[in-house]
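Single-letter residue listing:
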Amino acid sequence: MQDIDLDAFRRELEAFARDACPPEIRAVVAAGQKVTKREYQRWQEILHSKGWGAPAWPEEFGGTGWTVRQRQVFEEVMAENDCPPLYHHGLGHIGPVIIRFGTPEQKARLLPRILDGSDWWCQGYSEPGSGSDLASLQTSARRDGDHYVVNGQKIWTSHAHEANMIYMLVRTSKEARKQEGISLLLVSMATPGITVRPIRTIDGWHHLNEVFFDEVRVPVDNLVGEEGKGWTCAKFLLERERLPAANIARLELVRRQVTRVVEEAASAPGSQRDLGSLRYRLLLCEADTKGARVMMANATDDLINQRPLGVQPSAIKMLVADVAQRLTTIALDAVGPDAAHRFQLRDAEEPGTDGATWIQNYMFTRARTIAGGTSEVQRNVIANELLGA
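Let us look at the structure shown here. These figures come from a predicted structure and were not determined experimentally.

Next up on the list: the packing of helix α1 (residues 6-20) against helix α4 (residues 68-80). Relative orientation of the contacting elements α1 and α4 amounts to 35°, with a least axis distance of 9 Å. Between α1 and α4 lies a crossing of right-handed hand. Residues Leu6, Phe9, Arg10, Leu13, Glu14 and Ala17 of α1 touch α4, and the partners they reach there are Arg69, Gln70, Val73, Phe74, Glu76, Val77, Met78 and Glu80. Here the residues of the contact of α1 with α4 are counted per class, giving 8 nonpolar, 1 polar and 5 charged.

Here's what the structure looks like:
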């Protein structure tokens, strides 16, 4: 393989980020406000027109063909320039699943629409009573000719109110072991019988939903892989969900935003805060962020070379969640308690100002040790792997 001039590559990325990312999008990111579909989709369109819409995909499916190190530099530079991270559900989750398990027709039909931002995906995994024990899910899909008929409920579904597509695990058989009766379906959110209800969370941002399915008819052609073998697809996806390239990019963005908040607090007239302590805590978070990047690069290299990942996904997921919570706590300490009385529940269409935004960020990151597999579950995974428990 030809050697890559990473310095020249970085300069190219920096020039692109400065020139191509719209100022209004960078302003949202820099202020620590919630990035919505509006910003994500516009940025994806820009990246796709450059040929950079899917840095981690193979070239034959529209990816860049970049090395692991190039992708790492891409994430670093985009974060340094306040560009949004890539939207994970399409590019990081279901896209790689379709590449690995999908039919040629599914690849030709669906992958280009992920690349150009035409399709906006959400994930239908968790159900009431089936969160950490995902294999106990009960949403059913019975075969009826050339369709499946889906009935049931999903919960904690991020971005379902914005998405036009959902990838979901359903139970197609109750006869076999619970993992063996699960299938993976791709469903249009416009299909009759689907109802989305918002779940309002303490941060005031609308990102979670309940999704109900009542006699929803899904073409059999939208089955990914074999019927009853969806658990294989689910494990493949969860490994990548817990190898959070996008989350590490977000972590770097948050670290930069919090650094700004601390420096602004330092320059505020009459500030009485312990800024030395805040800066020390920031330094520790920066070190852990760099450590997460190294761990991510090693795990990605293992993926590429088809080596076992072991406990790496769980360890990275736990570290990223912990640092995100620590960072938003630092920001909240920096803006001070006087920000609390200004906080009102608001959606992303009404962005917060001053310290109120960091109250929302603080509350939002409380869920990071739950979403995608709780830290308790991740510790059990690590213990089982390392100790044979």
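To continue, consider helix α9 (residues 275-304). With 30 residues, α9 extends 43 Å from end C-alpha to end C-alpha; this agrees with the ideal 44 Å at 1.5 Å per step. Just past α9, the residue Gln306 takes up positive phi, approximately 55°.

In the Ramachandran plot, Trp156 falls in the positive-phi region, its phi being about 60° despite a non-glycine side chain. By the element assignment, Trp156 lies in the loop between β3 (147-154) and β4 (165-171). Not every positive phi belongs to a glycine, and His159 is a case in point at roughly 65°. Relative to the helices and strands, His159 resides in the loop between β3 and β4. Taking the relative accessible area as the measure of exposure, His159 reaches 10% and is therefore buried.

Attention now goes to the side chain of Thr157. As for its placement among the helices and strands, Thr157 is situated in the loop between β3 and β4. Residue classification places Thr157 among the buried residues on the basis of a relative accessible area of 0%.

Within the secondary structure, His206 sits in the loop between β6 (194-199) and β7 (208-219). Considering only alpha carbons, one finds His206 and Lys34, 172 residues apart in sequence, at a separation of 9.8 Å. A polar side-chain atom of His206 sits 2.8 Å from a polar atom in the side chain of Asn209.

Once that is clear, we can look at the packing of aromatic side chains. Tallied over the full model, the rule gives 13 aromatic pairs. Between Phe16 and Trp43 the ring centres are 5.9 Å apart and the planes differ by 35°, which places this aromatic pair in the tilted class. Of this pair, Phe16 sits in helix α1 while Trp43 is found in helix α3 (residues 37-50), placing the two residues 27 residues apart along the sequence. As far as the burial class goes, Phe16 and Trp43 line up, both buried. Through a chain of ring-to-ring contacts, the aromatic side chains of Phe9, Phe16, Trp43, Trp52, Trp66 and Phe74 assemble into a single cluster. Directly above the aromatic system of Trp52 lies the positively charged group of Lys50, at a separation of 5.1 Å from the ring centroid.

Attention now goes to the pattern of salt bridges. Under the counting rule described, the total for this entry stands at 19 salt bridges. Across the pair Glu105 and Arg109 runs a salt bridge, and its minimum N-O distance is 2.6 Å. Taken as a pair, Glu105 and Arg109 lie in helix α6 (residues 104-115) at a separation of 4 residues, close to a single helical turn. Take Glu105: its relative accessible area is 40%, and that puts it in the partly exposed class. The network of salt bridges with shared partners includes Arg10, Arg69, Glu76 and Glu80.

Calculation rules
Residues numbered from 1 in each chain as written. Predicted model: local features only at pLDDT ≥ 70, side-chain atom pairs only at ≥ 80, totals over all residues. Heavy atoms only, no water. Axes fitted to C-alpha atoms, helices over the stretch in contact; angles between N-to-C directions. Helix = DSSP H or I, 4+ residues; strand = E, 2+ residues; numbered from the N terminus. Left-handed = near helix turned anticlockwise from the far one by under 90°. Contact = heavy atoms within 4.5 Å. Nonpolar A, V, L, I, M, F, W, Y, C, P; charged D, E, K, R; others polar. Expected span 1.5 Å × (residues − 1). Buried < 20%, exposed > 50% of the residue type's maximum accessible area, 1.4 Å probe, protein only. Polar contact = N/O pair within 3.5 Å; in protein donor to acceptor, adjacent residues only side chain to side chain. Phe/Tyr/Trp six-rings, centres within 6.5 Å; stacked < 30°, edge-to-face > 60°. Lys NZ or Arg CZ within 6 Å of the ring centre and 35° of its normal. Salt bridge = Lys/Arg side-chain N within 4 Å of Asp/Glu carboxyl O.

Read these as geometric descriptors, not functional statements.
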